[in-house]
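As a plain string of letters, each chain reads:
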2 protein chains.
Amino acid sequence: MPAPAPHPSAANLIASCGGRVTRTRIAVLEILQHSQRSLNHDDIAAALAADGLPHDRVTLYRTLDWLVEQGLAHRIIGPDRARRFKAGGETGSQHAHFHCDRCGHVLCLESIKTDERFELPAGYRPERAELVFHGTCPDCGRLRAAKT
Amino acid sequence: MPAPAPHPSAANLIASCGGRVTRTRIAVLEILQHSQRSLNHDDIAAALAADGLPHDRVTLYRTLDWLVEQGLAHRIIGPDRARRFKAGGETGSQHAHFHCDRCGHVLCLESIKTDERFELPAGYRPERAELVFHGTCPDCGRLRAAKT
DNA sequence: GAGATTAATGCAACATTGTAGCATTACGGC
DNA sequence: GCCGTAATGCTACAATGTTGCATTAATCTC
């Protein structure tokens, strides 16, 4: 088994899950890997279109669901109740997210783990926690500071 | 002005916001006040129907938006990307929520405040935080324990 | 209390996001 | 290259939320 690289080849990752290595899966996973922020369906469909690839809505849903199921990507549900995706599995690296109210982007805060213990009332058996901050991201904060 | 009660009259609360005191608003706010858990649109529409009141979908959306806007209720977006509502304002009492994966209910964890300080990377300016736990609620946990 | 004013409602149509069924395509084993 | 089947790409549908506009009814003025 090759040593884990920051971004192992998308095709290798897909093959190692036992699934077929298709154009769509490779393209979608690479798009997610190359993005700093989380992407929604429209973002990904647009990226696929830019690459001249087919971008059927249903196929995209199924491809993304499959990637999440295989642990190759993780899903965040934003306040606009739309799903956003990012490369990298969810289990083992539970982290917080940041939603910028200005640009609408969702970023991962890998440094903030959500598996730390919270004091829940008796009886509750939490299995995972979702922590989402809302506010202004560094980019938008800089823009505002520059304007003021 | 009367002293603040645990649940001041719904009509009084509505009037104090400067809005018109209508049957629908009173009924919706009372339904929310009397519920321990957060309710989605279907829950509320069903409760209105049970009271023999009209329950137009659009009116319900607008009524709930208005209540949230006035700070008389707050909104949580669940993992099923449906909105859930509960009486009581959001500002000033930011708290965590618990989503039960078994029964699907969303409960408020008033004891866990989300305005405590987290260590965010430089540049981020958070204004509020959303903390949602997923797992088994006390009720479902008891049922499972009884069965096992 | 009667009439006027206009916020709130109720209806129809539409927009967005996600699913289901099924025929066709193309990946991977031979 | 051929075949079996997973994956795709349609179409149609479901769930949730929004917009526009005519009607109703809560409040104000008298």
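Because the structure is a prediction, the values reported are computed rather than measured.

Caption draft 1: The arrangement of the confidence of the model for chain A in detail. Residue and element names in this part refer to chain A. On average, chain A scores 86 in pLDDT, and the residues at 70 or more come to 91%. Per-element confidence in chain A is highest for helix α4 (residues 57–69), whose mean pLDDT is 96, and lowest for helix α5 (residues 138–147), whose mean pLDDT is 80. Contacts of residues 1–5 to residues separated by more than four positions or lying in other chains number zero contacts, the stretch itself having pLDDT below 50.

Caption draft 2: View of the packing of aromatic side chains. If you walk through the whole model with that rule in mind, you get four aromatic pairs over all chains. For the pair F133(A) and F118(B), a centre-to-centre distance of 5.4 Å together with 75° between the ring planes defines the contact as edge-to-face. A residue pair is termed interchain when its members come from two chains, as with F133(A) in strand β6 (residues 125–136) and F118(B) in the loop between β5 (106–113) and β6 (125–136). Just above the ring of W66(A) sits the side chain of R25(A); from NZ or CZ to the centre is 3.7 Å.

Caption draft 3: Broad picture of the protein's contact with DNA strand C. Around DNA strand C, the surrounding shell holds 20 residues, and the nearest of these are V21(A), R57(A), Y61(A), R25(B) and R62(B). Within 4 Å of the protein, the atoms of DNA strand C are drawn from sugar and phosphate moieties in a proportion of 60%. For DNA strand C, a base oxygen lies 3.2 Å from a polar atom in the side chain of R20(A). Within the side chain of R20(B), a nitrogen or oxygen atom sits 3.1 Å from a base nitrogen of DNA strand C. Elements with a minimum of two residues in the surface near DNA strand C: α4 of chain A together with α2 (23–34) and α4 (57–69) of chain B.

Caption draft 4: Main features of the sheet that holds β6(A). Across the sheet, which stays open at both edges, the six strands sit in the order β5(A)-β4(A)-β6(A)-β6(B)-β4(B)-β5(B) with mixed pairing between neighbours. Of all strands in the sheet, those bounded by a partner on one side alone are β5 (106–113) of chain A together with β5 of chain B. Strand-to-strand twist in this sheet, taken as the mean axis angle between neighbours without regard to direction, amounts to 30°. With four bridges joining them, strand β4 (residues 95–100) of chain B and β6(B) adopt parallel strand pairing. Its bridge partner being in β6(B), C100(B) is matched across the sheet by G135(B).

Caption draft 5: Local environment of the pattern of salt bridges. Under the defined criterion, the tally for this structure stands at eight salt bridges over all chains. Among the salt bridges present, the one from D43(A) reaches R37(A), with a minimum N-O distance of 3.7 Å. By relative accessible area, which is 26% here, D43(A) ends up partly exposed. The salt bridge involving R75(B) is made with D65(B); its shortest N-O contact spans 3.0 Å. With R75(B) in strand β2 (residues 73–77) and D65(B) in helix α4, the pair connects residues that are ten residues apart, well separated along the chain.

Caption draft 6: Highlighting the interface of chain A and chain B. Contact residues are listed per partner, giving 34 residues for chain A and 34 residues for chain B. For chain A, the biggest contributors to the area lost against chain B are Y124(A), R125(A) and H134(A); these three give 20% of the whole. The interface formed by chain A and chain B holds zero salt bridges in total. Where chain A touches chain B, the interface holds ten residue pairs in polar contact (both at pLDDT 80 or more). Of all the elements in the fold, those that place two or more residues in the side of chain A that touches chain B are β5, β6 and α5 of chain A. If you tally residues by element for the side of chain A that touches chain B, the top one is β6(A), at twelve residues. Both β6(A) and β6(B) contribute to a ladder of eleven bridges, which runs antiparallel. Bridge pairing links T136(A) to R125(B) in β6(B).

Caption draft 7: View of the relation of the copies chain A and chain B. You can overlay chain A on chain B at an RMSD of 0.1 Å; the transform is a turn of 179° with a shift of 0.0 Å along its axis. Such a combination of turn and shift is consistent with a two-fold rotation axis. Here 100% of the contact residues of chain A are again contact residues in chain B; the copies associate through an equivalent surface.

Rules of the game
- Residues numbered from 1 in each chain as written.
- Chains lettered and ligands numbered in written order.
- Predicted model: local features only at pLDDT ≥ 70, side-chain atom pairs only at ≥ 80, totals over all residues.
- Heavy atoms only, no water.
- pLDDT = per-residue confidence, 0-100.
- Helix = DSSP H or I, 4+ residues; strand = E, 2+ residues; numbered from the N terminus.
- Contact = heavy atoms within 4.5 Å.
- Phe/Tyr/Trp six-rings, centres within 6.5 Å; stacked < 30°, edge-to-face > 60°.
- Lys NZ or Arg CZ within 6 Å of the ring centre and 35° of its normal.
- Near = heavy atom within 4 Å.
- Polar contact = N/O pair within 3.5 Å; in protein donor to acceptor, adjacent residues only side chain to side chain.
- Pairing = 2+ DSSP bridges.
- Axes fitted to C-alpha atoms, helices over the stretch in contact; angles between N-to-C directions.
- Salt bridge = Lys/Arg side-chain N within 4 Å of Asp/Glu carboxyl O.
- Buried < 20%, exposed > 50% of the residue type's maximum accessible area, 1.4 Å probe, protein only.
- Buried area = accessible area lost by both parts, 1.4 Å probe.
- Least-squares fit on C-alpha atoms with pLDDT ≥ 70 in both.

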